[in-house]
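Residue-level structure breakdown
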Amino acid sequence: MGMDVDALVLSLLLGIVQGVLEWLPVSSEGGVALALALSAGESGGDATRFALLLHAGTAVAAFTYYRGEVFDLVRDVPDWRPRGAFEADRADLSFFGIATLTSGVVGIGVYLLFEALVSELAGGAFVAAVGGLLVGTGIVQRIAETRGLGEKEWPDAVDAVLVGAMQGLALLPGVSRSGTTVSALLLRGHEAEESLRLSFLLSIPAALGASLLVLLESGVPAVSPAAAGLALVVSAVVGYLTVGALVALVRRVAFWAVCVGFGTLALVSGGVLVLVDAGVL
């Protein structure tokens, strides 16, 4: 059976939101979950699960865009040795390996927490919760922008564990994966462009892992498989077409302010919805 017009439009919208916001430090997961919760009336749990599923599309986009660097890392694997793991020619490979493992451990714990807490939120409470996390993400970005030193040449073990943990925490809707990981790298002394590169490359295994976790745990949530497939394709295509331009844009725009602005709007909107549901308004 084909999709109706409403499902088609929603799938296109969600795919575009994911494809664009994945590269911006404003939480693509929060944006997709909010769009789905507000437009289709989905629960916070199902909306967030679908948002995590869509990350597979932008993982494909990131892999395609950075395929040269990914293949270089793969070719370096046979020559990797523990001794000198964070020397200049091996630092990136060691960073991605340790950060990915850390992301998996923290991410699974966060997902279990999400199952216990976020799944119980609905309507205005969910919108407000996402808003609060967006505001917090924006504050972290602002601190990183003002205190980053930009003096490190390559990542070390502390960077890998810290950034991996931040990426795992980003399974919560409203916590920007790119925003928190880039902020952590800036605070650790990396330059902005290098921080973006490391963050986007690290997103590939994390995004695929999060999508697989959702599929194994609950199948395709919120929408039909056909609608989900269309949204995935759109997110991959839009993500690939926009990553270069948006990386350049991030260097010029204070997205910490955008993040705080979106979060404040969501907090206010969620509060109003809670009062409406309670019969106060």
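Quick caveat, the model's predicted, so the values are computed rather than measured.

Attention now moves to the overall build of the protein chain. In terms of helices and strands, the protein chain carries 11 helices and zero strands. Secondary structure elements of the protein chain, listed N to C terminal, follow the sequence α-α-α-α-α-α-α-α-α-α-α. Counting every position in the protein chain, which comprises 281 residues, the buried fraction comes to 47%. Of the contacts made within the protein chain by residues no fewer than 6 positions apart, 80% connect residues no fewer than 24 positions apart.

Looking now at the environment of L198. Along the chain, the position of L198 falls in helix α9 (residues 192-218). According to the relative accessible area criterion, L198 is buried, its value standing at 0%. Sequence-wise, L198 and T181 are 17 residues apart; in three dimensions their C-alpha atoms are separated by 8.8 Å. Not counting residues within four places of it along the chain, the set of residues in contact with L198 comprises D92, F95, F96, P155 and L185.

Running from amino to carboxyl end, helix α7 (residues 157-169) crosses helix α8 (residues 177-187) at an angle of 160°, the nearest separation of the two axes being 8 Å. By the criterion of interaxial angle, the relationship of α7 to α8 is roughly antiparallel. Here α7 runs over α8; the crossing is right-handed. Counting all contacts with α7, which are made through L162, V163, M166 and Q167, the residues of α8 involved are R177, T180, T181, A184 and L185. Looking at the contact of α7 with α8 residue by residue, the class counts come to five nonpolar, three polar and one charged.

All right, on to the side chain of T181 then. When you line up the elements, T181 lands in helix α8. A polar atom in the side chain of T181 sits 2.7 Å from the side chain of S199. In contact with T181, other than residues within four places in its own chain, are V163, M166, Q167 and S199.

Our next topic: the packing of aromatic side chains. Counted by the stated rule, this structure contains three aromatic pairs. Ring geometry for Y65 and Y66: centres 4.9 Å apart, planes at 80°, overall edge-to-face. Residue class for Y65 comes out partly exposed when judged on its relative accessible area of 37%. For Y66, a relative accessible area of 10% corresponds to the buried category.

With that settled, consider the nonpolar core. What tends to happen in soluble globular proteins is that the nonpolar side chains get buried as a cluster. One finds W23, F95, F96, V163, L201 and L202 to be the most contacted residues of the largest nonpolar core, which totals 24 residues. For this core, the secondary structure elements donating two or more residues are α3 (44-65), α4 (67-76), α5 (91-116), α7, α8 and α9. In this view, F96 contacts L73, L198, L201 and L202; residues no more than four positions away in its chain are not counted. Among the nonpolar cores identified, the runner-up in size contains 18 residues, and L14, V17, V32 and A231 belong to it.

Before going further, it helps to examine the environment of A61. Considering the arrangement of structural elements, one finds A61 in helix α3. A61 sits 179 residues away from Y240 along the chain, and the two C-alpha atoms are 4.6 Å apart. In this structure A61 touches W23, A236, G239 and Y240, once residues within four positions along its chain are discounted.

Counting buried positions along α8 yields 10 of 11 residues, so the element is predominantly enclosed. Those residues of α8 that sit buried are R177, S178, G179, T180, T181, V182, S183, A184, L185 and L186. Count one or two residues on from α8 and you reach G189, which has phi positive near 100°.

A surface patch of nonpolar side chains, amounting to about 490 Å² of accessible area, comprises Y65, V233, V237, Y240 and L241. Of the residues forming the nonpolar patch, the biggest block, four residues, is contributed by helix α10 (residues 225-250). In this structure, V233 sits in helix α10.

With that settled, the discussion passes to the pattern of salt bridges. Proximity of charged atoms lets side chains of opposite charge pair with each other. Applying the stated rule across the entire model yields six salt bridges. A salt bridge links R75 to D72; the nearest nitrogen and oxygen atoms lie 2.3 Å apart. Taken together, the residues span about one helical turn, with R75 and D72 both in helix α4 at a distance of three residues. Classification of D72 as partly exposed rests on a relative accessible area of 37%. Ionic contacts of the salt-bridge type, sharing partners, join the residues E69, D92, E194 and R197 into one network.

Glancing now at the side chain of D92. As for its position among the elements, D92 is in helix α5. A distance of 2.8 Å separates the side chain of D92 from the side chain of R197, its partner in a polar contact. In this view, D92 contacts L73, P155, E194, R197 and L198; residues no more than four positions away in its chain are not counted.

Rules of the game
Residues numbered from 1 in each chain as written. Predicted model: local features only at pLDDT ≥ 70, side-chain atom pairs only at ≥ 80, totals over all residues. Heavy atoms only, no water. Helix = DSSP H or I, 4+ residues; strand = E, 2+ residues; numbered from the N terminus. Buried < 20%, exposed > 50% of the residue type's maximum accessible area, 1.4 Å probe, protein only. Contact = heavy atoms within 4.5 Å. Axes fitted to C-alpha atoms, helices over the stretch in contact; angles between N-to-C directions. Parallel < 35°, antiparallel > 145°, perpendicular 65-115°, else oblique. Left-handed = near helix turned anticlockwise from the far one by under 90°. Nonpolar A, V, L, I, M, F, W, Y, C, P; charged D, E, K, R; others polar. Polar contact = N/O pair within 3.5 Å; in protein donor to acceptor, adjacent residues only side chain to side chain. Phe/Tyr/Trp six-rings, centres within 6.5 Å; stacked < 30°, edge-to-face > 60°. Core = buried A, V, L, I, M, F, W, Y, C linked by side-chain atoms within 4.5 Å. Patch = residues over 30% accessible without salt bridge, like charges linked within 9 Å, V, L, I, M, F, W, Y side chains within 5 Å. Areas by Shrake-Rupley, 256 points an atom, 1.4 Å probe, with all protein chains shown as cover. Salt bridge = Lys/Arg side-chain N within 4 Å of Asp/Glu carboxyl O.

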